Amino acid sequence: MISEKDGLPHSHIRCILEDIHGRIWVSTSGGGVACRLEQNFQHFTRKNGLSGNRIYAIHRDTAGVIWNAVSKNGIQLLDSTGFQKTLNEPLLNGVKCKTICSDTSGRIWIGKEGRGIVRQDTVGWQQINTKDGLPSDWILKLLENEDGSIWGATYGSGIFKINDFDTLLIEKYIKELPSKRIGTIQLDAKGQLWFGTQNGIVGFIDKNDKVNIPNQKGIAKTPIRSIVFDDYNQIWIGTKGEGIYFSELDTSLSFTKLSDIKPNYTQNTYLMLVDS
């Protein structure tokens, strides 16, 4: 367990990533960003380079540059020379940018609360919202699919996939889902998109774009916040208020609750990563 006693700037962790040098970066809601250097954390806040202390998302692009979604101040880049000035882009200002991803062509996709998606390419910045076919402008998470398409999850209008970037061909998955209120999405090793709902249901969309809801038991009907897969064919589920569950990946899912968490630790699990 690593906490504020061990050097973290804040206990509310938003994102974790590894940079091209193998360093671990931790973004927090209120304590800025921390970089793990050997056994210590180096802190970055408004006092030494950041434009805000609430970091809603971080992402490493194909060039190794780290994109930081800072408070409601837009995006601030971190490159080999340090933190740069906040990007001068009106489409990113005054809104929470909650998710960032890049595709194989180097385009950057940024999902916002209540204002859809902003995409950056060689031409510039483009706004994508419900007028262009999105099911909602409240974007929870964006992921690149193995075929180059972009998966997206919304807060209350299901899941979507952007297949054609020029014509913005957008597929919507709403009625097929057990709930429109999605908690998280994650791709598995087969390229299937798994999702967890706010009422504790786990399912996936296969490579034929069919929604599958496996039989499942042993998991509380509580919001699912995180999904990861390990190297032993297991799925791990992080929940709001009910801790962590895991199951063998099979036609049905029989979950076991992780029991060796100390009683004084929180049962709210918003983020999980698999250490390679």
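About the criteria used
Residues numbered from 1 in each chain as written. Predicted model: local features only at pLDDT ≥ 70, side-chain atom pairs only at ≥ 80, totals over all residues. Heavy atoms only, no water. Helix = DSSP H or I, 4+ residues; strand = E, 2+ residues; numbered from the N terminus. Rg over C-alpha atoms; globule rule 2.2 N^0.38 Å. Buried < 20%, exposed > 50% of the residue type's maximum accessible area, 1.4 Å probe, protein only. Contact = heavy atoms within 4.5 Å. Areas by Shrake-Rupley, 256 points an atom, 1.4 Å probe, with all protein chains shown as cover. Lys, Arg positive; Asp, Glu negative; His and termini not counted. Charge placed at Lys NZ, Arg CZ, Asp CG, Glu CD. Salt bridge = Lys/Arg side-chain N within 4 Å of Asp/Glu carboxyl O. Patch = residues over 30% accessible without salt bridge, like charges linked within 9 Å, V, L, I, M, F, W, Y side chains within 5 Å. Core = buried A, V, L, I, M, F, W, Y, C linked by side-chain atoms within 4.5 Å. Polar contact = N/O pair within 3.5 Å; in protein donor to acceptor, adjacent residues only side chain to side chain. Pairing = 2+ DSSP bridges.

Caption draft 1: Representation of the overall build of the protein chain in the model. For the protein chain, the count of helices and strands is zero helices and 26 strands. The C-alpha radius of gyration computed for the protein chain amounts to 19 Å, which stays within 12% of the reference 19 Å derived for 276 residues, consistent with globular compactness. Summarising its shape, the C-alpha atoms of the protein chain cover approximately 50 × 50 × 30 Å along the three principal directions. When burial is assessed residue by residue, the protein chain has 51% of its 276 residues classed as buried. Contacts in the protein chain between residues far apart in sequence, at least 24 positions, make up 39% of those at least 6 positions apart. Surface summary for the protein chain: the accessible area is close to 14,000 Å², and the carbon and sulfur share equals 46%. Across the protein chain, the 32 positively charged side chains and the 30 negatively charged ones have centroids separated by 10 Å.

Caption draft 2: Focus on the pattern of salt bridges. Under the definition given, this model contains six salt bridges. With a shortest N-O distance of 2.7 Å, R23 and D19 are connected by a salt bridge. Of the residues examined, R23 reaches a relative accessible area of 32% and is grouped as partly exposed. By relative accessible area, D19 is classed as buried at 5%. Among the salt bridges present, the one from K161 reaches D209, with a minimum N-O distance of 2.9 Å. Placement of the pair is K161 in strand β15 (residues 159–164) and D209 in the loop between β19 (202–205) and β20 (211–212), with a sequence separation of 48 residues. A relative accessible area of 27% places D209 in the partly exposed class.

Caption draft 3: Quick peek at a nonpolar patch on the surface. A cluster of nonpolar side chains, namely I16, Y270, L271 and L273, defines an oily patch on the protein surface of about 350 Å² accessible area. Along the chain, Y270 turns up in the segment after β26 (256–257).

Caption draft 4: The arrangement of the nonpolar core in detail. With 14 residues, the main nonpolar core has W151, I159, I185, L193 and I205 as its most contacted residues. Among the elements that line this core, the one with the most residues is strand β17 (residues 182–187), at three residues.

Caption draft 5: Main features of the environment of W236. Examined against the element boundaries, W236 turns out to sit in strand β23 (residues 234–239). Put simply, W236 and L77 are 159 residues apart on the chain and 32 Å apart in space, counted from C-alpha to C-alpha. Ignoring sequence-local partners within four residues, the contact set of W236 consists of S226, I227, V228, D230, I244, Y245, F246, L258 and M272. Only 2.9 Å separates the side chain of W236 from the side chain of D230, close enough to count as a polar contact.

Caption draft 6: Spotlight on the environment of T239. Here T239 shows up in strand β23. When the C-alpha positions of T239 and H10 are compared, they lie 20 Å apart, and in sequence the two are 229 residues distant. Those residues in contact with T239 that lie beyond four places of it in its chain are T222, P223, I224, R225, Y245, Q267, N268 and T269. A polar contact is formed between the side chain of T239 and the backbone nitrogen of E242, at a distance of 3.2 Å. Reaching out from T239, the side chain makes a polar contact with the backbone oxygen of G243 at a distance of 2.8 Å.

Caption draft 7: Representation of the pairing of strand β11 (residues 117–120) within the structure. Bridge analysis of strand β10 (residues 108–112) against β11 gives four bridges, and the strand direction is antiparallel. Within β11, the position partnered with I108 by the bridge is Q120. If you look at the hairpin formed by β10 and β11, you'll find four residues sitting between the two strands, and G114 has a positive phi there, around 80 degrees. Across four bridges, β11 lies against strand β12 (residues 125–128) in antiparallel orientation. The residue bridging V118 from the neighbouring strand is Q127, located in β12. Between the end of β11 and the start of β12, which pair antiparallel, lie four residues, with G124 showing a positive phi angle near 145 degrees.

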